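Structure assessment
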Amino acid sequence: MTKVVIVDQEEKICASVIKHTGAEHRRLANQVMQQALAQASLEFDEIAYVIATGYGRIMVPFADRQITELTCHTRGVFHLNPNVRLAIDIGGQDAKGLKINNGRLLNFVMSDKCAAGTGRYLETTAHTLGLRLEDLDSISLKSSNKVSISSTCTVFAQQEVISRLSEGAPLEDILAGIHDAIASRVARMVERLKVEPDVVLTGGVAKNAAVAKALEEKLGCKILVPQEPLLSGAIGAALLSKEIIQKARERCEPIRRKQRRLDEATFFK
């Protein structure tokens, strides 16, 4: 997904846009930015500073600076919940845990070498079963006897799902097993950090209530989910932009901006 957030000097969100990022659209962050500008009734020249973050941050030619998703995510989650001590982000490509204290990132763990425990795992499951991704949690929550899914590999897990179906296992019990497997993998990862409340779950998988419920059971504490869990990193980037401008003005320092061009990304310019 590609997300844009615009904030004003009071840290009020003026615009937020979330769009799917396909193979070709990965180059088109400018179009998402244009939608955010229209939503906020602003011209691009009125934007004081732009920070790009995430895996696609190098594909944003109009950004003044690139900052890692760990830093931006920490800032965004802290803004949404100042009491956060552990943030768990489960996206389409990776899962990560951030240990936070008073807005500072103390430590982190990350799983980005395998699709297991990520949104891609759920997408593949939905495709295998012929279901919509957004329907997985509601079906799963009807389960009374979840099926154990032993494989942590996305490819082999799909074979196991098909095998369980052929054995006559109810669909809701299979899905409950899938969600439990994701929660188990993520819980083992974040337990390397000290788990203490508040625990905030973000990323696209945070919209899956069954995963959130399974994580609560694994970690033994309440899991808090923001109203829009996809935006925490973009919010953090926008707030860091505002802070860079504010500090430069307070110190009477020049604001270092890159030459901007609000067009699609290319490696040949």
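Details of the structure are given in the entry above.
The structure reproduced in this document is the subject of the present report. Just so we're clear, the structure is a prediction, and the values are computed from it rather than from any experiment. (Residues numbered from 1 in each chain as written. Predicted model: local features only at pLDDT ≥ 70, side-chain atom pairs only at ≥ 80, totals over all residues. Heavy atoms only, no water.)

**Some remarks on the environment of Ser166**
Tracing the backbone through its elements, the reader meets Ser166 in helix H5 (residues 154-166). What makes Ser166 exposed here is its relative accessible area of 64%. Here the side chain of Ser166 touches Ser163 through a polar contact of 2.6 Å, landing on its backbone oxygen. (Helix = DSSP H or I, 4+ residues; strand = E, 2+ residues; numbered from the N terminus. Buried < 20%, exposed > 50% of the residue type's maximum accessible area, 1.4 Å probe, protein only. Polar contact = N/O pair within 3.5 Å; in protein donor to acceptor, adjacent residues only side chain to side chain.)

**What about the packing of aromatic side chains?**
Two descriptors summarise a pair of aromatic rings, namely the distance from one centre to the other and the angle between the planes of the rings. Scanning the model with the defined rule gives one aromatic pair in all. Ring plane angle 90 degrees and centroid distance 5.8 Å describe the contact between Phe44 and Phe62, whose orientation is recorded as edge-to-face. Of this pair, Phe44 sits in the loop between helix H1 (29-40) and strand E3 (51-52) while Phe62 sits in the loop between E3 and strand E4 (65-66), and the two are 18 residues apart along the sequence. When its relative accessible area of 12% is taken as the criterion, Phe44 is described as buried. (Phe/Tyr/Trp six-rings, centres within 6.5 Å; stacked < 30°, edge-to-face > 60°.)

**Let's talk about the sheet that holds strand E9 (residues 223-224)**
What links the strands of a sheet is backbone hydrogen bonding, and the strands pair in either a parallel or an antiparallel sense. The five strands lie next to each other as E7-E6-E5-E8-E9, forming an open sheet whose pairing is mixed. The open sheet has two edge strands, strand E7 (104-111) and E9, and neither has a second partner. Pairing geometry for strand E8 (residues 199-202) and E9, over two bridges, is parallel. Bridging across to E9, Val199 finds its partner in Ile223. Along the sheet, helix H2 (residues 69-80) contacts strand E5 (86-90), strand E6 (95-101), E7 and E8; its crossing angle with E6, the most-contacted strand, is approximately 55 degrees. (Pairing = 2+ DSSP bridges. Contact = heavy atoms within 4.5 Å. Axes fitted to C-alpha atoms, helices over the stretch in contact; angles between N-to-C directions.)

**Considering the pattern of salt bridges**
Applying the stated criterion to the full structure yields 17 salt bridges. In this structure, the salt-bridge partner of Glu69 is Arg57, at a minimum N-O distance of 3.1 Å. On the criterion of sequence distance, the pair formed by Glu69 in helix H2 and Arg57 in the loop between E3 and E4 is long-range, its members being twelve residues apart. You can call Arg57 partly exposed: its relative accessible area is 23%. Among the ionic pairs, Glu243 bridges to Arg75, the shortest N-O distance being 2.7 Å. Within this pair, whereas Glu243 is found in helix H8 (residues 232-250), its partner Arg75 is found in helix H2, the two being separated by 168 residues in sequence. Look at Arg75 and you get buried, because its relative accessible area is 16%. A network of salt bridges, in which partner residues are shared, links Glu11, Arg75, Lys242 and Glu243. (Salt bridge = Lys/Arg side-chain N within 4 Å of Asp/Glu carboxyl O.)

**Remarks on the environment of Leu42**
Following the sequence through the fold, Leu42 ends up in the loop between H1 and E3. Classification of Leu42 as partly exposed rests on a relative accessible area of 24%. Taking the C-alpha atoms as reference points, Leu42 and Lys12, 30 residues apart in sequence, are found 15 Å from one another. For Leu42, the contacting residues outside a window of four places in its chain are Ile6, Leu37 and Ile47.

**Observations regarding the nonpolar core**
Judged by nonpolar contacts, the single largest core of 38 residues is most densely connected at Ile88, Ile90, Val186, Val190, Leu201, Leu215 and Leu219. Of all elements in the fold, only E5, helix H3 (119-129), helix H4 (136-140), H5, helix H6 (171-190), E8 and helix H7 (209-219) reach the threshold of two or more residues within this core. At ten residues, the largest contribution of residues to this core is made by H6. Among all residues touching Leu201, those that are not within four sequence positions of it are Ile88, Ile90, Ala206, Ala212, Leu215, Ile223, Leu224, Val225, Pro226 and Pro229. Core analysis: the second largest hydrophobic core is formed by 17 residues, Ala15, Val17, Leu37 and Phe44 among them. (Core = buried A, V, L, I, M, F, W, Y, C linked by side-chain atoms within 4.5 Å.)

**A word on the pairing of strand E2 (residues 13-19)**
With six bridges connecting them, strand E1 (residues 2-7) and E2 associate as antiparallel partners. Across the sheet, residue Thr2 finds its bridge partner in E2, namely Lys19. What sits between E1 and E2 in their antiparallel hairpin is a turn of five residues, with Glu11 showing a positive phi close to 65 degrees.

**What about the packing of H3 against H6?**
Remark: H3 packs on H6, axes separated minimally by 11 Å, with the N-to-C direction vectors making an angle of 165 degrees. Considering their axes alone, H3 and H6 lie roughly antiparallel with respect to each other. Where H3 crosses over H6, the two elements pack in a sense that is right-handed. Of H6, the residues touching H3 (which contributes Tyr121, Leu122, Thr125 and Leu129) are Leu171, Leu175, Ile178, His179, Ala181 and Ile182. Here the residues of the contact of H3 with H6 sort into eight nonpolar, two polar and no charged. (Parallel < 35°, antiparallel > 145°, perpendicular 65-115°, else oblique. Left-handed = near helix turned anticlockwise from the far one by under 90°. Nonpolar A, V, L, I, M, F, W, Y, C, P; charged D, E, K, R; others polar.)

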